[in-house]
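Close look at the chain arrangement
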Amino acid sequence: MPGLTPDQVQKIHKLLHDRQLIQAIKVYHDATGVSLAEAKEAVEEMARNELTKPPSGVRNYDDPVLEGKIKSLLSKGKKIEAVKIYREEYGVSLKEAQDAVERVEISVPRDTTMPIPYEPAIGSDPFAEPEGASRGKIIVLGIVLLVLLCGLGMFFLILLSNS
């Protein structure tokens, strides 16, 4: 955090944990000298980031690949699988895993036109159909139908000319 000491960051996180958002914004504002609007935005971002992490007694490190996979599953409506993966990875109870996944779910964008990649650190979803694949199938089907119609027309022309 720019302009914040570790003690100030810890104090802000404690205030967020105690649900004292206004006090946390004040501490950030006083420490950095930014406007209240900027302080509010920064503290809210800190709160969002804090809510998506597993309980501090369980988490030894952040795992962006696992977080990306959980977000991908949530964006596809596979919440049960996301809870299962979270629970297995962090060794928490079912209730704790459900709560944590629900906190992550809040941060998942609802815009379905921009799907979250399967595993951002590795690549895109291996099961996704390539873009334009359905259009290509329609074009091939159209060409096949056109060739069949031409062949059928030639067949009738030959029949008519032989009569």
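Position numbers for residues start from 1 in each chain and track the written sequence from start to end. The predicted origin of the model limits local features to residues at a pLDDT of at least 70 and limits the giving and counting of side-chain atom pairs to 80 or more, whereas totals for whole chains, interfaces and linings rest on all residues. As a rule here, side-chain values cover all heavy atoms of the structure and leave hydrogens and water aside.

Looking only at helices and strands, the protein chain has 7 helices and 0 strands in total. Secondary structure elements follow DSSP: runs of H or I no shorter than four residues count as helices, runs of E no shorter than two count as strands, and numbering proceeds from the N terminus. Taken from N to C terminus, the helices and strands of the protein chain fall in the order α-α-α-α-α-α-α. Put simply, the protein chain has 163 residues, and 21% of those count as buried. With residues, only the protein chains shown are counted as cover, and all accessible areas are computed by Shrake-Rupley using a 1.4 Å probe. If you sum the accessible surface of the protein chain, you get close to 11,900 Å²; carbon and sulfur atoms cover 61% of it. When accessible area is computed with a 1.4 Å probe and restricted to protein chains, residues below 20% of their type maximum are described as buried, those above 50% as exposed, and intermediate ones as partly exposed.

Residues with a pLDDT of 70 or more make up 72% of the protein chain, whose mean pLDDT is 76. What pLDDT reports is the predictor's confidence in each residue, on a scale of 0 through 100. Per-element confidence in the protein chain ranges from a low mean pLDDT of 79 for helix α4 (residues 64–75) to a high of 89 for helix α2 (residues 21–32).

In this section: the pattern of salt bridges. Within this document, salt bridges are pairs made up of a side-chain nitrogen of Lys or Arg and a carboxyl oxygen of Asp or Glu, the two lying within 4 Å of each other. For the coordinates displayed, the defined rule picks out 4 salt bridges. Between Lys40 and Glu44 there is a salt bridge, with the nearest N and O atoms lying 2.8 Å from each other. Of this pair, Lys40 and Glu44 both sit in helix α3 (residues 36–51), 4 residues apart, which is roughly one turn of the helix. By relative accessible area, Glu44 is classed as partly exposed at 25%. A salt bridge links Lys79 to Glu102; the nearest nitrogen and oxygen atoms lie 3.4 Å apart. Of this pair, Lys79 sits in helix α5 (residues 79–90) while Glu102 is found in helix α6 (residues 94–107), placing the two residues 23 residues apart along the sequence. Judged by its relative accessible area of 30%, Lys79 falls in the partly exposed class. Judged by relative accessible area, Glu102 falls into the partly exposed class, the value being 37%.

Looking now at the environment of Lys69. On the secondary structure map, Lys69 appears in helix α4. In this structure the C-alpha to C-alpha distance between Lys69 and Ala82, which are 13 residues apart in sequence, comes to 7.9 Å.

The next subject is a nonpolar patch on the surface. Note that patches include only residues with greater than 30% relative accessible area and no salt bridge, and the join distances are 9 Å for like charges and 5 Å for nonpolar side chains (Val, Leu, Ile, Met, Phe, Trp, Tyr). A contiguous nonpolar patch, built from Val140, Leu141, Val144, Leu145 and Leu148 and spanning about 480 Å² of accessible area, is present on the exposed surface. Take Leu145: its relative accessible area is 47%, and that puts it in the partly exposed class.

We now examine helix α1 (residues 6–17). Residues separated by three or four positions in an α-helix point in the same direction, a consequence of the helix having 3.6 residues per turn. One fewer than the residue count of a helix, multiplied by 1.5 Å, yields its expected span. Compared with the 16 Å implied by 1.5 Å per residue over 12 residues, the 16 Å span of α1 between its first and last C-alpha is a close match. Looking at the residues trailing α1, positive phi occurs at Arg19, about 60°.

With respect to the secondary-structure elements, His17 resides in helix α1. On the basis of relative accessible area, His17 is assigned to the exposed category, the value being 66%. When the C-alpha atoms of His17 and Ala47 are compared, they prove to be 8.6 Å apart, with 30 residues separating the residues in sequence.

We now examine the packing of aromatic side chains. Centre distance within 6.5 Å is the pairing criterion for rings of Phe, Tyr and Trp, where only the six-membered ring of Trp is used; planes under 30 degrees apart are then read as stacked, over 60 as edge-to-face, and the remainder as tilted. A full pass over the atoms with the stated rule returns 1 aromatic pair. Between the aromatic rings of Phe155 and Phe156, the centroid separation amounts to 5.8 Å while the plane-to-plane angle is 65°, which identifies the pairing as edge-to-face. Its relative accessible area of 46% is what places Phe155 among the partly exposed residues. On the basis of relative accessible area, Phe156 is assigned to the partly exposed category, the value being 46%.

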